[in-house]
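As a plain string of letters, each chain reads:
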Amino acid sequence: GYCGFFVNSLLDAHWKPGMTLDEGVALVDMCIAEMAKRFMINMPNWMIKYVDKDGCHVLRSGGS
């Protein structure tokens, strides 16, 4: 969406193949912080999910 204009450079600079779950969550947190700083609309609640060989999991739900 629209926030992609804000976070694509972060993803481009920090994403790498084989990232751990903790590294991926840290990158998502960086993107959320960037959107909170630059997006006009306040979106305080985020749900972070991940998919692995065991299925889909909710890692974090609620405020960022």
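These figures come from a predicted structure and were not determined experimentally. (Residues numbered from 1 in each chain as written. Predicted model: local features only at pLDDT ≥ 70, side-chain atom pairs only at ≥ 80, totals over all residues. Heavy atoms only, no water.)

### Some words on the overall build of the protein
Part 1 of the reasoning: When helices and strands are counted, the protein shows two helices and two strands.
Part 2 of the reasoning: Secondary structure elements in the protein, listed N-terminal to C-terminal, are α-α-β-β.
Part 3 of the reasoning: Projected onto the principal axes, the alpha-carbon positions of the protein cover approximately 35 × 25 × 20 Å.
Part 4 of the reasoning: The buried share among the 64 residues of the protein stands at 20%. (Helix = DSSP H or I, 4+ residues; strand = E, 2+ residues; numbered from the N terminus. Buried < 20%, exposed > 50% of the residue type's maximum accessible area, 1.4 Å probe, protein only.)

### Let's talk about the nonpolar core
Part 1 of the reasoning: Within the largest apolar cluster, eight residues are counted, these being C3, F6, V7, L10, C31, I32, M35 and F39.
Part 2 of the reasoning: Breaking this core down by element, the ones donating at least two residues are α1 (4–14) and α2 (21–38).
Part 3 of the reasoning: Discounting chain neighbours no more than four positions away, the residues touching L10 are W15, L27, M30, C31 and E34. (Core = buried A, V, L, I, M, F, W, Y, C linked by side-chain atoms within 4.5 Å. Contact = heavy atoms within 4.5 Å.)

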